[in-house]
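Summary of the model geometry
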Amino acid sequence: MAHFDPNARPFSHKWLNERLAIDTLKRVLSTEYWIPKNINFLWAMGMVLAVTFGLLLLSGIFLLMYYIPDTKQAFDSVNYTIMQEVGFGWLWRHIHAVAASVVFLIIYIHMFTGIYYGSYKRGRELIWISGMLLFVTFSAEAFSGYMLPWGQMSYWAGMVITNLFSMGSLEWNWLVEWIRGDYVPGQAFLGRFFMLHVLLLPLVIIGLIIFHFGTLRIPHVNNQDGEEIDFEAEAEKWKAGKRKEAKVIPFNPVFLSKDVFVLGVYFIFFFYLVFYHYQFAMDPINFDPADPLKTPPHIYPEWYFLWSYEILRPFPKDPGLIAFGFAQVIFFFLPFLDRSPNVAPANRRRPFRCWFWLLLIDMVALTILGKLPPVGIYTTLGTIFAWLFIILWIALPFITKREKLVGGKK
Amino acid sequence: MKKMKELKVLAVVVFFTLITYWGVEPYAHSVMHKHVEGHDFKYPDLKPAPKGNPEKGKQLIATCTGCHSIESQGIKAPMDALAASKAYGVNPPDLSNAGALYDEKFLVDLMQNPNHATKVKKFAMPPSVGSAQDAADIAAYLKSIAPKEISNKEAFESACGRCHAMRYAKWTQLGEIPKTKPNIKTKQDPELMKFKLQVAEYQENLANYMGKLPPDLSTIIRARSKQYLETFVEDPQTQLPGTAMPRVGVTKEAYEKIEQYLEAVGDSSKPDRERIGPWVIGYFVIFTLLAYLWYKSNWRDIV
Ligand code: HEM
């Protein structure tokens, strides 16, 4: 039975507590949200991602005040109004563009951290799957955002990517036209991608972030040794004042203080990019207005899509599309393709250890090759690395099935 | 021990990040764009010009003013810009600033053999002077009447403005868009419409002459690297073989002015960026130091 003290001063601690249970909330969400002690700065990447998303949201809101989703005005609304007329508009745009690119760097680090430490197994399958949903939605968010300035790369990347939906020899041109709302990218196309970018996809992302956090709550985060921790027992130790013996720490303030420190280092790096080194995130070609009559000599997606683009490119049309589709979805299945019960750092799990480093090197190589023109040796290398990617994933269940038990601890 | 481990992890992350960066940025761009060496606007392929006499040049200038105006000397153009574009495809530029913009060797070559100097097949100005000496005299005259200082804006408008519009500076090939007011009752602005109609007609003539409309240069400073712009303007054929844009023949000083103008119009927030950058980064350095202290105080007695 709820009890409300009639004498409690409005908005006093007691008054709020009776109505919102703020003490319980604080305990559950922060001071008694337990984190293993044995983790490194890579576990701060999730926080870095959340904050970067916050930056995207904030800067995006400022951009939205002046952006005009009209094919005739979009380019100038960004490059003139926002970049030159509105006070600090350039700062918001640089933050937005750099954050949109860096967020993927952090996502990839976050993902490979998860793969390395086996954080997608033993109760953590849904964390991985919700993370992959975030990755896919973020990809759609970035792609739709890239259309908005209506520059040369917006237009031509939009053309090339939507063309993929003709499904090769199936020639589903109706589907391409349905997505574009026209035969070629035009006003209908810009309008719908604008809607997706500023409303629907951000909503989905926010929902997914909450879901992602929710999936973390019961299994807790993993740790550097993949050790299975009895969180209740360890928490008791901490609460009893045995700060050294306990294997866990409370999120607030202990882990948070480390998160904030990592965030500080990240911000120095981030703002260095914003002010001095932004070309990688704001492609010069996109400062040429869209021109349907002039195909740019090199059309390439943003760097974070290059690896999957390169899995598409070296093959003939239909097998290329199949390989591309494979690359898009295969990461979702990681928790089920890894058949080993071991939750341990990759370096202690051979031959998985080779698999991990090969995958990382392969994706870096594909990313680089994806930007290079498809000629001569680059095509050959592209084909090899694309096959390697496919083979690695096919081999994964067999490799992991035969893996010896290593046990959680060293 | 622990610290070392985190630094090792960091080193691995940084290593793979830098390799990827190197591959998709510097390396990929070096493969995609051929590297063109500039010659610092010295035009080594052109013959040195004989020494010119400005007095003699003044006598000969009528050869040029049949088509060109020299407003600073009170010499008007024989036709207005639109009519000239009908006749030639493009408006012959006013020569008041020519002495301050163009390389001397280039001018001398241009007067004798425009296609050679500009490296394009189609250049509407005919060979106008018979001897290198006469040409040098005219060049010397143009130099003598050129203003000592021209602004960045004037440099752009005189050297590029007959072909390139620049909407962020309200510049059209026919000059700046006039400041007009719409009629209060009709909300229409016939004055402006007339001007726009003329620009449209001029652009049509220009596009027919050049094969395409030269692009508006408002954002070009961010769309191309400085190295590209410099070598392209010095000799367009090196970067876009077969292009209709002529070699313009500007001097290094004139080019620097033009580049500064392109930057002032296309990237006007650059000074702000450079001013604010250190403050923001300094702020986060302090933030990080304080965060480090907080982190240490929390972790002091637990590991
Ligand atoms: C709700 C949050 C967001 C809002 C309101 C928003 C709004 C906008 C607007 C108005 C633009 C056009 C102006 C411009 O090009 O700079 C834009 C561009 C862009 N957005 Fe967002 N955005 C949001 C979140 C995101 C996220 C999460 C990402 C990616 C992870 C993203 C990636 C991009 C990209 C790549 C561009 C093109 C940037 C450029 O070329 O400069 N945005 N956004």
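See the structure printed just above.
Residues numbered from 1 in each chain as written. Chains lettered and ligands numbered in written order. Predicted model: local features only at pLDDT ≥ 70, side-chain atom pairs only at ≥ 80, totals over all residues. Heavy atoms only, no water.

1. Concerning the overall build of chain A
Scanning chain A for helices and strands turns up 16 helices and 2 strands. A compact globule built from 410 residues should have a C-alpha radius of gyration of about 22 Å, and chain A, at 24 Å, falls within 12% of that. Taking the principal axes of its C-alpha atoms as reference, chain A extends roughly 70 × 60 × 40 Å. Every one of the 410 residues in chain A was classed for burial, and the buried ones make up 55%. Taking contacts inside chain A between residues at least 6 apart in sequence as the whole, the part at least 24 apart equals 77%. Total accessible area computed for chain A in this model is approximately 18600 Å², and 69% of it derives from carbon and sulfur atoms. (Helix = DSSP H or I, 4+ residues; strand = E, 2+ residues; numbered from the N terminus. Rg over C-alpha atoms; globule rule 2.2 N^0.38 Å. Buried < 20%, exposed > 50% of the residue type's maximum accessible area, 1.4 Å probe, protein only. Contact = heavy atoms within 4.5 Å. Areas by Shrake-Rupley, 256 points an atom, 1.4 Å probe, with all protein chains shown as cover.)

2. Observations regarding the state of the cysteines
Residues and elements named next belong to chain B. On inspection of all chains with the given rule, the structure shows 0 disulfides over all chains. No disulfide involves C160; its sulfur sits 8.7 Å from that of C163, the nearest cysteine. Assessed through its relative accessible area of 12%, C163 is described here as buried. (Disulfide = S-S within 2.5 Å.)

3. A closer look at the interface of chain A and chain B
How big an interface is tends to be stated in terms of the accessible area lost upon association of its parts. Taken together, the contact between chain A and chain B spans 62 residues of the former and 54 residues of the latter. Both sides together, the interface formed by chain A and chain B hides about 5300 Å², and carbon and sulfur atoms give 68% of it. Linking chain A with chain B are 5 salt bridges, by the criterion used here. Inspection of the region where chain A meets chain B yields 21 residue pairs in polar contact (both at pLDDT 80 or more). When contributions to the side of chain A that touches chain B are tallied by element, the ones reaching two or more residues are α4 (74–85), α5 (89–117), α11 (251–276) and α15 (352–371) of chain A. With 16 residues, α11(A) is the single largest residue contributor to the side of chain A that touches chain B. (Buried area = accessible area lost by both parts, 1.4 Å probe. Salt bridge = Lys/Arg side-chain N within 4 Å of Asp/Glu carboxyl O. Polar contact = N/O pair within 3.5 Å; in protein donor to acceptor, adjacent residues only side chain to side chain.)

4. With respect to α5(A)
Residues and elements named next belong to chain A. Taking 1.5 Å per residue, 29 residues should reach 42 Å; α5 reaches 41 Å between its end C-alpha atoms and fits that length. Within α5, the axis deviates most sharply at A99, by approximately 25°. For α5, a buried count of 26 out of 29 residues is recorded, marking the element as mostly surrounded by other parts of the structure. (Expected span 1.5 Å × (residues − 1). Bend = angle between axes of the 7 residues up to and from the residue.)

5. A look at the packing of helix α9 (residues 152–159) of chain B against helix α14 (residues 252–266) of chain B
Residues and elements named next belong to chain B. One can describe the packing of α9 onto α14 by two numbers: an axis separation of 8 Å at closest approach and a directional angle of 105°. Overall, the two elements α9 and α14 adopt an arrangement that is roughly perpendicular. Touching N152, K153, A155, F156 and A159 of α9 are A254, K257, I258, Q260, Y261 and L262, all from α14. Per-class residue counts for the contact of α9 with α14 are 7 nonpolar, 2 polar and 2 charged. (Axes fitted to C-alpha atoms, helices over the stretch in contact; angles between N-to-C directions. Parallel < 35°, antiparallel > 145°, perpendicular 65-115°, else oblique. Nonpolar A, V, L, I, M, F, W, Y, C, P; charged D, E, K, R; others polar.)

Nothing here speaks to function; it is all geometry.
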